[in-house]
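The chain contents come next:
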Amino acid sequence: MGNLFKGGLETQPNEVTIEELPVRGHLPGWLNGALLRTGPAQFEVGPDSYRHWFDGLAMLHRFAFADGRVSYRNRFLQSPAFRENNALGRIKYADFATDPCKSLFKRVASIFTSPEYGGNGNVNIAQFGADFVTLTEYPLAMVFDPKTLDTLGVYDYEGTDAQNSTAHPHHDRERDLGLTYAAKYGITNEYRFYSMHGKQLTSLSTIKVDHPAYVHSFGLSGRYVILAESALRLSSSVSLALSGKPFIENFEWTPEDGSRFIVIDKVSGQVVVEAPTEAFFSFHHVNAFERGDELIVDLIAYPNNEFVNAGYLDRLRADGAGIPGGELRRYRVPLNGGRATYELLTTENVELPRIHYDTYHTRGDYNYVYAASVRRGTTDFYNQLTKVNLTNGTVSVWHEDGCYPGEPVFVPAPDGRAEDAGVILSVVFDSQSATSFLLVLDAPSFGEIARATVPQHIPFGFHGQFFTDPIAV
Ligand code: CO
């Protein structure tokens, strides 16, 4: 048993600008704009190595489309973590699962007073007003130029002192308002939700909690903000400060306590209902909407936290390695009280879900979920792309032997009426050539219409966004 995909977890040191990538097939003439993505790309600094896939130093990638052509550019994010680690030749800043040993004093100081964040925005990209920013799970966003990918500085939020944040803020379409989440650890622990007015964060809701769960994203329906509290919980905030363990290793899998949905009125910030359910682990919400006296919450879930353990680089690079596949679950959360229950929306193993967000997020009539997935019966990394039709349960698949696709980003056609009128963009690692290509699928048929080959590999990343905004392209 070998490991075909481990080349996608190697450092990519080259920063390149390629005016026109070779394209096989035809890019749609209407496809104008830029796919901006982020992900880890440097896994070693001098003698030190990052331990986890989620830890590597961020690189930005830009595929820009115009007139049936596509260009490519990549640049390291010049975050404090990138600059100072590389200047020092050591890993100085802590990350998800890597912690350079600090003194006891510095540990206490960094958790309870002024944390040192490295701004390693390797998880997601967002546009806040005119600013393009990288996001990670710490509340230090970095601003970058969407054309040159030059790093412009720190995005200064005002009004928060939380330690942990989310790289998945929501846009409340009705009110044209950003909503985000953060956690505060300390003498008391709190889940917090904020509305975003430019750089000003305004508190929407604060929920005290003894053992806060690890939270990667949250849900939003027409009326409610939803926290899906997994069973991976902080054992003690004092130990977070003093344990000497990296961030995530202070969280403990506690299935005996179950999981819970906390439903919050998105306007008043009041907790409407808490619904217990059996223990699960989750990174990504997919969609949510109200149906009668129920709240429907679609998310990718796991029966345990094995994914976190499987993401350590020594395990992922080993022969015979694989990544656990997630379940696309539909939870029914009773708004009048009672337990939440779920059904599976597909039997495929899925992760990195995307939908037609701008139009169909929070809508009960949405029908399509796109995801990276692991073929059933294989132990492997994400080796196919999947489109799930929620109405009839049918699944469309793109697969090519030895190829490893990332998150499928849906781009709607400008004059499209159907929910799936548009294309899917995904960065694929080709293990045979050890290079990557941008795959373009026709979203309705899920058939390939074009691929643009990059002359080097793009390490496996997490999220990106497509922008048609003239500022970006
Ligand atoms: Co994510």
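For the structure, check the block above.
Residues numbered from 1 in each chain as written. Predicted model: local features only at pLDDT ≥ 70, side-chain atom pairs only at ≥ 80, totals over all residues. Heavy atoms only, no water.

Chemist: Before we move on, could you go through the pattern of salt bridges and cite the residues and values that matter?
Modeler: For the structure on display, the rule yields 24 salt bridges. In this structure, Lys 387 engages Asp 420 in a salt bridge whose closest nitrogen and oxygen atoms are separated by 2.7 Å. Pair noted here: Lys 387 is in strand 29 (residues 384-389) and Asp 420 is in the loop between strand 32 (409-412) and strand 33 (422-430), with a separation of 33 residues, a long-range link. When the shortest N-O distance is used, the salt bridge between Arg 451 and Glu 448 registers 2.8 Å. Classification of Arg 451 by relative accessible area gives buried; the value is 7%. Linked by salt bridges that have partners in common, Arg 24, Glu 400, Glu 448 and Arg 451 make up one network. (Salt bridge = Lys/Arg side-chain N within 4 Å of Asp/Glu carboxyl O. Helix = DSSP H or I, 4+ residues; strand = E, 2+ residues; numbered from the N terminus. Buried < 20%, exposed > 50% of the residue type's maximum accessible area, 1.4 Å probe, protein only.)

Chemist: Help me get a handle on the sheet that holds strand 36 (residues 464-467), residues and values and all.
Modeler: On the basis of which strands lie adjacent, the open sheet formed by 5 strands has the order 1-7-6-3-36 and antiparallel pairing. Single-partner strands in this sheet number two, and they are strand 1 (17-18) and strand 36. Two elements, strand 3 (residues 33-42) and strand 36, share 4 bridges in a ladder whose sense is antiparallel. Along strand 36, the bridge assignment pairs Leu 36 with Gln 465. Against the sheet, helix 1 (residues 80-88) makes contact with strand 3, strand 6 (57-66) and strand 7 (69-76), and its axis sits at roughly 125 degrees relative to strand 6, the strand it touches most. (Pairing = 2+ DSSP bridges. Contact = heavy atoms within 4.5 Å. Axes fitted to C-alpha atoms, helices over the stretch in contact; angles between N-to-C directions.)

Chemist: Tell me about the coordination of the cobalt ion, residues and numbers included.
Modeler: Taken together, His 168 (NE2), His 216 (NE2), His 284 (NE2) and His 463 (NE2) make up the protein donors of the cobalt ion, found 2.0 to 2.1 Å from the metal. For the cobalt ion, all donor residues lie on one chain, and their spacing in sequence is H-x47-H-x67-H-x178-H. Taken together, the positions of His 168 in the loop between strand 12 (164-165) and strand 13 (170-172) and His 463 in the loop between strand 35 (448-453) and strand 36 put the pair 295 residues apart, joining distant regions of the chain. Exposure remark for His 463: the relative accessible area of 4% places this residue in the buried category. (Donors = N, O, S within 2.8 Å, 3.2 Å for Na, K, Ca; no water.)

Chemist: Tell me about the environment of His 26, residues and numbers included.
Modeler: Within the secondary structure layout, His 26 lies in the loop between strand 2 (23-25) and strand 3. The class for His 26 is exposed, based on a relative accessible area of 68%. A C-alpha to C-alpha distance of 32 Å links His 26 and Asp 131, two positions 105 residues apart in sequence. If we ignore the near neighbours within four places in the chain, the residues touching His 26 are Ile 449 and Ala 450.

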